[in-house]
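Observations on the model geometry
Chain residues, written in single-letter form:
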Amino acid sequence: MRILAKTNGMERKEWLKWRRMGIGGSDASVIAGVNPFRSIFDLWLDKTGQKEPEEGESECIHFGNVLEPVVRKEFMRRTGLKVRRKMAILQSREYPFMLADLDGVIYEDGKLCIFEAKTASAYKREIWEEGVPLEYQYQIQHYMAVTGAEKTYIAALVGGNTFLYHEVCRDEEMIRSIIRMEREFWENCVLAGEEPEADGSGATTDFLNERYGASNGKCVELPEEALQLCERYDELSSRIDELKEQKEAVTNKIKTYLKENESGTVGERRIDWKTVTTTTFDKKRLKEEHREIYEEYCGKGSYRRLSVA
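Below or above, wherever it landed, is the structure these notes cover.

Conventions used here
Within each chain, residues carry numbers counting from 1 in the order of the written sequence. Totals for whole chains, interfaces and linings use all residues, but because this is a predicted model, local features are given only for residues with pLDDT of at least 70 and pairs of side-chain atoms are given and counted only at 80 or more. By convention in this description, side-chain values take in all heavy atoms of the structure and omit both hydrogens and water. What counts as a helix is a DSSP run of H or I of at least four residues, what counts as a strand is a run of E of at least two, and both are numbered from the N terminus. It is over C-alpha atoms that the radius of gyration is taken, and the globule rule equals 2.2 Å times the number of residues to the power 0.38. Any two residues whose heavy atoms approach within 4.5 Å at even a single point are treated as in contact. Areas reported here follow the Shrake-Rupley algorithm with a probe of radius 1.4 Å; residue values treat only the protein chains shown as occluding. Charge assignment: positive for Lys and Arg, negative for Asp and Glu; neither His nor the chain ends contribute. Charged groups are reduced to one reference atom each: NZ for lysine, CZ for arginine, CG for aspartic acid, CD for glutamic acid. Every angle, taken between N-to-C directions, lies between 0 and 180 degrees, and every axis is a line fitted to C-alpha atoms, over only the stretch in contact when it is a helix. Oblique is the label for every angle not falling under 35 degrees (roughly parallel), over 145 degrees (roughly antiparallel), or within 65 to 115 degrees (roughly perpendicular). Each helix crossing is assigned a hand: it is left-handed if the near helix lies turned anticlockwise from the far helix by less than a right angle, otherwise right-handed if that turn is clockwise. Residue polarity is assigned by list, with Asp, Glu, Lys and Arg as charged and Ala, Val, Leu, Ile, Met, Phe, Trp, Tyr, Cys and Pro as nonpolar; anything else, Gly included, falls into the polar class. Pairing of aromatic side chains requires ring centres within 6.5 Å, counting the rings of Phe and Tyr and the six-membered ring of Trp. Pairs whose planes differ by under 30 degrees are stacked, by over 60 edge-to-face, and all others tilted. Each residue is assigned to one of three classes by its accessible area relative to the maximum for its type, calculated with a 1.4 Å probe on protein chains only: buried under 20%, partly exposed between the two thresholds, exposed over 50%.

Counting secondary structure elements, the chain contains eleven helices and nine strands. For 309 residues, the compact-globule estimate of 2.2 N^0.38 gives 19 Å, and the chain exceeds it by more than 25% at 25 Å. Residue pairs in contact within the chain that sit at least 24 positions apart in sequence constitute 66% of those at least 6 positions apart. Summed over its atoms, the accessible surface of the chain is roughly 21700 Å², and 49% of this surface lies on carbon and sulfur atoms. Distance from the positive charge centre (48 side chains) to the negative charge centre (56 side chains) of the chain: 4 Å.

Structure below.
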């Protein structure tokens, strides 16, 4: 690796411009289609200069930056390991499109290790207790690809009062996959300007629904490859219906074991079949008997529904 730019005292606007010079660690999960917050289309528009980088910080990013020193200090207190700030954007010599802006580095037994600090909501506590969330696994393996490090310590302050950290070793198979995906994205989509393929992430769904939220009413001729997608759509829809039926059969078999009992245990598993009371709202009756009230409180929304015939 080499130092591409020193970040000490660098303003956020300039830092965002340097990030366009390649693919950073947080971009890896976007390209892999596992980032819940950012679409690959949004990343492509950013890297190709079709979209101005967002200079302002979200509340989540802001407080993540504010609390980073707290997480780093607590990690050092608990482990006795010394974390050093790097204050630079690093670039892979072998793969120049791969960049890394590290939260810190640790020299353990003379070997370079990476330190990464995170903050998360209390709702993510169980996930962090089990291990490192998938999007961050891609990030730290990307960093190890750039730096050659064999290990990363990733620490998280969860819910403001729970501190967790994990050791993650270098995964050569995952790194090879990351390099392949990032090289294809950089060469084919960024340098050649070709729009990336859509993935199945929620972020991409939200991006497309927002960007093309309004229909122009026209009918266009689609390319031949769209026919293959239609056939794949039919195949997956059929399999989903079949799996739903199979799941319902399993559900009913479990119910025959429970009968009138509310719960049951088998091995380490617990099964509950509880009575749930719900309150329903008769919208039709309200409309018929009190139309003025219904219309006063009735809001309207619209969305585009996709159907394949």
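Having put the structure on the table, let's press on.
For the rest of this paragraph, the subject is the packing of helix 2 (residues 25-32) against helix 6 (residues 134-147). Orientation of helix 2 relative to helix 6, taken along the N-to-C sense of each, is 125°, at an axis distance of 7 Å. In terms of orientation, helix 2 and helix 6 fall into the oblique class. The way helix 2 lies across helix 6 gives a crossing that is right-handed. Across the interface between the two elements, Gly 25, Ser 26, Ala 28, Ser 29 and Ala 32 of helix 2 pack against Glu 135, Tyr 138, Gln 139, His 142 and Tyr 143 of helix 6. Its residues assigned to classes, the contact of helix 2 with helix 6 shows four nonpolar, five polar and one charged.

This next bit is on the packing of aromatic side chains. Following the criterion strictly, the structure yields seven aromatic pairs and no others. With a centroid separation of 5.4 Å and an interplanar angle of 90°, the aromatic rings of Phe 75 and Tyr 165 are classed as edge-to-face. Of this pair, Phe 75 sits in helix 4 (residues 59-79) while Tyr 165 sits in strand 7 (residues 162-169), and the two are 90 residues apart along the sequence. Judged by its relative accessible area of 0%, Phe 75 is buried. Residue classification places Tyr 165 among the partly exposed positions, given a relative accessible area of 37%. With a centroid separation of 6.5 Å and an interplanar angle of 50°, the aromatic rings of Phe 163 and Tyr 165 are classed as tilted. Taken together, the aromatic side chains of Phe 75, Phe 115, Tyr 153, Phe 163 and Tyr 165 make up a single cluster linked through ring pairs.

These figures capture arrangement, not role.
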